[in-house]
Amino acid sequence: QVRLVESGGGLVQPGGSLRLSCAASESLFTNYVMGWYRQAPGKQREMVAIITDDGTTNYVSSVLGRFTISRDNAENTVALQMDSLIPEDTAVYYCYLMYGSTYQYKSWGQGTQVTVSS
């Protein structure tokens, strides 16, 4: 089972930036989707940004132009650069991975708190 370890959460003021990082315990070579979900108080968990093994990315519309997902295959990591943060971005952010020949395996990180407040 691939383990995911997250870092980079914290408290920032509106308009500020944070960079989240997720490290996988082993390399994923093909057939994977990796990214970030978030869950705000009183709301269901939603996909924020994902990146696939071929580099394709996708974002929830509310973060377009503000968040950027990237990967570093040499370090087995994926990062989420979050700029122009707004209070609505406040949530627990979870790294997510699905992989395998039919994407049959799934892993979740432990979650990291992002709070945007003045």
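Presented here is an overview of the structure given in this document.

Calculation notes
Residues numbered from 1 in each chain as written. Predicted model: local features only at pLDDT ≥ 70, side-chain atom pairs only at ≥ 80, totals over all residues. Heavy atoms only, no water. Phe/Tyr/Trp six-rings, centres within 6.5 Å; stacked < 30°, edge-to-face > 60°. Helix = DSSP H or I, 4+ residues; strand = E, 2+ residues; numbered from the N terminus. Lys NZ or Arg CZ within 6 Å of the ring centre and 35° of its normal. Buried < 20%, exposed > 50% of the residue type's maximum accessible area, 1.4 Å probe, protein only. Pairing = 2+ DSSP bridges. Contact = heavy atoms within 4.5 Å. Disulfide = S-S within 2.5 Å. Polar contact = N/O pair within 3.5 Å; in protein donor to acceptor, adjacent residues only side chain to side chain.

### Some words on the packing of aromatic side chains
Here is step 1: One pass over the structure, following the stated rule, counts 5 aromatic pairs.
Here is step 2: Note on Tyr37 and Trp108: the rings are 5.2 Å apart at their centroids and 70° apart in plane angle, and the pair reads as edge-to-face. With Tyr37 in strand β4 (residues 32–39) and Trp108 in strand β10 (residues 105–108), the pair connects residues that are 71 residues apart, well separated along the chain.
Here is step 3: With centroids separated by 4.5 Å and ring planes inclined at 50°, the aromatic side chains of Tyr96 and Trp108 adopt a geometry described as tilted. Linking Tyr96 in strand β9 (residues 91–99) with Trp108 in strand β10, this pair joins segments that are 12 residues apart in sequence.
Here is step 4: Directly above the aromatic system of Trp108 lies the positively charged group of Arg45, at a separation of 4.7 Å from the ring centroid.

### A word on the pairing of strand β11 (residues 112–116)
Here is step 1: Only one face of β11 is covered, namely the one carrying Thr112, Val114 and Val116; the face carrying Gln113 and Thr115 has none of its residues buried.
Here is step 2: The pairing of β9 with β11 spans 3 bridges and is antiparallel. Directly across from Ala91, in β11, lies its bridge partner Val114.

### Structural notes on the environment of Gly100
Here is step 1: As for its position among the elements, Gly100 is in the loop between β9 and β10.
Here is step 2: Look at Gly100 and you get buried, because its relative accessible area is 14%.
Here is step 3: For the pair Gly100 and Asn31, spaced 69 residues apart in sequence, the C-alpha to C-alpha distance is 5.8 Å.
Here is step 4: If near-sequence neighbours (up to four positions away) are discounted, Gly100 is found in contact with Asn31 and Tyr105.

### Description of the state of the cysteines
Here is step 1: Counted under the stated rule, the structure contains 1 disulfide.
Here is step 2: A sulfur-sulfur distance of 2.1 Å marks the disulfide that ties Cys22 to Cys95. With the S-S bond torsion at -90°, the cross-link from Cys22 to Cys95 turns out left-handed. Placement of Cys22 in strand β3 (residues 18–24) and of Cys95 in strand β9 is noted, with a sequence separation of 73 residues between them. Grouping residues by exposure puts Cys22 and Cys95 together as buried.

### Structural notes on the environment of Arg38
Here is step 1: Topologically, Arg38 is positioned in strand β4.
Here is step 2: Given a relative accessible area of 6%, Arg38 falls into the buried group.
Here is step 3: In this structure the C-alpha to C-alpha distance between Arg38 and Gly111, which are 73 residues apart in sequence, comes to 8.5 Å.
Here is step 4: Apart from residues lying up to four places away in sequence, Arg38 is in contact with Gln44, Arg45, Glu46, Val48, Ser62, Val63, Phe67, Glu88, Asp89, Ala91, Val92 and Tyr93.
Here is step 5: Polar contacts involving the side chain of Arg38 include one to the side chain of Glu46, which spans 2.8 Å.
Here is step 6: Within the structure, Arg38 has its side chain in polar contact with the side chain of Ser62 (distance 3.4 Å).

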